[in-house]
Amino acid sequence: MKQYLKKVIGGESLTVEEMKEAANYCFNDEVTEAEIASLLTALQAKGETADEITGLVEVIREKSAFQTAPIPDAIDNCGTGGDQSNSFNVSTTSAFVMAGAGLTVAKHGNRSISSKTGSADVLEHLGVSLSFTKDHIEEMLLENKIAFLFAPHVHKALKPFSIVRKNLGLPTIFNAIGPLTNPIHLDTQLIGVYRRELLPIIAESLNNLGRRRAVVLMGAGAMDEASLAGENQLIILEKGGLTQTTLHPEEVGLPVYANDKIHGGNARENAEILLSVLKGKQGAYLDTVLLNAGIGLFTNGKATTIKDGISLARESIETGAALDRLQRLVEFSKKIPSGVH
């Protein structure tokens with residue numbers, strides 16, 4: 001560990017293999033909190049690279065008991081958090097719309113970190129279990145096209161890092177990698193970031209991790225979701241190549257709304273917003289979900305263009321398919337005995 005700390009403190013970057021070795025050491029019983037804290041702060045000060053992110057993510061996924069064999073066409077849509085926008089649960093709501101349109105969505109998420117209400121908070125309020133077993137998750141992905149993976153439940157080995165991060169109280173590499181650590185073997189992925197410099201780094205990391213296709217975006221107003229407020233920055237990963245582009249909502253037939261029009265609240269309020277969207281209530285919330293779900297459908301390849309993806313997303317809501325995916329997940333959750341892990 002010392003040699004890697006010296007290297008990073010000196011401004012040098014670690015290779016994927018070096019990062020994996022350092023990360024594996026952090027899971028060793030002999031590691032101290034001071035060593036973990038030193039590594040995290042040194043990486044943050046230097047600026048994390050795609051190789052360092054890749055190495056850490058590969059180790060975290062290997063430590064999870066929830067890793068699966070490849071699930072055909074599985075996708076996740078998740079933001080890194082940290083944009084301080086206080087928006088409602090855009091990606092969570094969009095996930096049900098994508099599933100209703102036929103995608104297999106392995107929704108990875110956590111409780112609130114930078115927003116008022118995280119995906120786990122709102123889903124728990126709606127009656128979705130946070131303690132699905134691996135078998136439950138695979139069953140739901142195959143039968144319902146969507147399952148929820150509660151990050152602390154599927155990454156129990158990360159407790160040493162969690163304690164250090166809490167004590168540090170500072171941004172670390174973990175603020176960027178959450179969506180990448182999904183233990184489900186994903187084919188495609190949509191990730192939102194709130195810092196422009198993360199766009200190519202996360203895209204390169206996704207390529208290293210073997211995604212067939214992916215989109216990394218930063219919304220107007222530095223949101224970690226696609227925004228209706230103006231121009232969105234996108235990087236499209238396909239067959240190992242990266243393409244930068246922009247997207248304005250008017251280009252795909254959607255209106256412009258200020259970001260404060262999609263503010264959320266507590267778990268109960270955000271659950272009401274989520275349900276209102278899945279029931280087709282018109283307005284900024286619905287149009288924001290149409291944009292994000294449309295990009296997700298384009299990312300996976302179900303739609304050849306984002307505009308076509310938006311049409312499929314609208315159909316998923318209008319036919320009731322999106323709401324049905326949520327209701328099935330809630331019903332399945334009721335069958336799980338209390339305390340099952």
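K.L.:
What is the right way to read the packing of aromatic side chains from this model?
P.N.:
Two descriptors summarise a pair of aromatic rings, namely the distance from one centre to the other and the angle between the planes of the rings. All chains considered together, the criterion is met by 4 aromatic pairs. Relative to Phe332, the ring of Phe132 has its centre 5.9 Å away and its plane inclined at 50°; by these criteria the two rings are tilted. With a gap of 200 residues between them, Phe132 in the loop between α6 (119-126) and α7 (134-143) and Phe332 in helix α15 (residues 321-334) connect regions that are remote in the sequence. One aromatic cluster in this structure is built from Phe27, Phe161 and Phe174. In this structure, Arg213 is placed above the aromatic ring of Phe298, and the distance from its NZ or CZ to the ring centre is 4.5 Å.

K.L.:
Explanation requested: the sheet that holds strand β2 (residues 104-109) in the structure shown.
P.N.:
Strands pair in a sheet through their backbones, by hydrogen bonds, and they do so in one of two ways: parallel or antiparallel. Strand order in the open sheet formed by 7 strands is β3-β2-β1-β4-β5-β6-β7, and the pairing between neighbours is mixed. With one partner strand each, in any of the chains shown, β3 (146-150) and β7 (241-247) form the two edges of the open sheet. Each adjacent strand pair in this sheet contributes to an overall mean axis angle of 20°, direction not counted. Bridging between strand β1 (residues 74-79) and strand β4 (residues 188-192) involves 5 bridges; their strand directions are parallel. Directly across from Ile75, in β4, lies its bridge partner Thr188.

K.L.:
Explain helix α13 (residues 284-300) here, please?
P.N.:
Each α-helix turn comprises 3.6 residues. Residues three or four places apart therefore point the same way. Its 17 residues give α13 an end-to-end C-alpha distance of 24 Å, which sits within 8% of 24 Å, the value for a rise of 1.5 Å per residue. Phi for Gly301, located one or two positions after α13, is positive at around 100°.

K.L.:
Is there a simple way to explain the environment of Lys6 in this structure?
P.N.:
Take Lys6: it is sitting in helix α1 (residues 2-9). By relative accessible area, Lys6 is classed as exposed at 65%. In the structure, Lys6 is positioned 154 residues away from Pro160 in sequence and 22 Å away in space, judged by C-alpha atoms.

K.L.:
What should I look at first to understand empty space enclosed by the protein in this one?
P.N.:
Rolled over the atoms, a probe with the dimensions of a water molecule shows which regions are left empty. One pass over the structure, following the stated rule, counts 3 cavities of 30 Å³ or more. Residue assignment for the lining of the largest cavity shows that the elements contributing at least two residues are β1, α5 (90-100) and β4. Across the lining of the largest cavity, the residue classes tally to 4 nonpolar, 6 polar and 2 charged.

K.L.:
Looking at this structure, I do not really get the environment of Gln233. What am I missing?
P.N.:
Looking at the secondary structure, you find Gln233 in strand β6 (residues 232-238). A residue is classified by how much of its surface remains accessible, and Gln233, at 16% relative accessible area, is buried. Residues Gln233 and Ala222 lie 11 residues apart in sequence; the distance between their C-alpha atoms is 9.4 Å. Every residue in contact with Gln233, bar those within four places of it in the chain, is listed here: Arg196, Leu199, Val216, Leu217, Met218, Thr245 and Thr246. Polar side-chain contacts of Gln233 include one of 3.5 Å to the side chain of Arg196.

K.L.:
How do you make sense of the packing of α1 against helix α3 (residues 33-46) when you look at a structure like this?
P.N.:
A packed helix pair is summarised by two numbers, namely the angle formed by the two axes and the spacing between the axes. Running from amino to carboxyl end, α1 crosses α3 at an angle of 25°, the nearest separation of the two axes being 9 Å. On the basis of the axis angle, α1 is roughly parallel to α3. For the pair α1 and α3, the crossing hand works out as left-handed. Taking contact as the criterion, the partners of Leu5, Val8 and Ile9 in α1 are, on α3, Ser38, Leu39, Ala42, Leu43 and Lys46. Residue classes in the contact of α1 with α3 are distributed as 6 nonpolar, 1 polar and 1 charged.

The rules behind each value
Residues numbered from 1 in each chain as written. Predicted model: local features only at pLDDT ≥ 70, side-chain atom pairs only at ≥ 80, totals over all residues. Heavy atoms only, no water. Phe/Tyr/Trp six-rings, centres within 6.5 Å; stacked < 30°, edge-to-face > 60°. Helix = DSSP H or I, 4+ residues; strand = E, 2+ residues; numbered from the N terminus. Lys NZ or Arg CZ within 6 Å of the ring centre and 35° of its normal. Pairing = 2+ DSSP bridges. Axes fitted to C-alpha atoms, helices over the stretch in contact; angles between N-to-C directions. Expected span 1.5 Å × (residues − 1). Buried < 20%, exposed > 50% of the residue type's maximum accessible area, 1.4 Å probe, protein only. 1 Å grid on protein atoms, 1.4 Å probe; cavity = no way out; pocket = protein on both sides within 12 Å on 5 of 7 lines; lining within 4 Å. Points joined across faces, edges and corners; volume = space filled by probe spheres on them. Nonpolar A, V, L, I, M, F, W, Y, C, P; charged D, E, K, R; others polar. Contact = heavy atoms within 4.5 Å. Polar contact = N/O pair within 3.5 Å; in protein donor to acceptor, adjacent residues only side chain to side chain. Parallel < 35°, antiparallel > 145°, perpendicular 65-115°, else oblique. Left-handed = near helix turned anticlockwise from the far one by under 90°.

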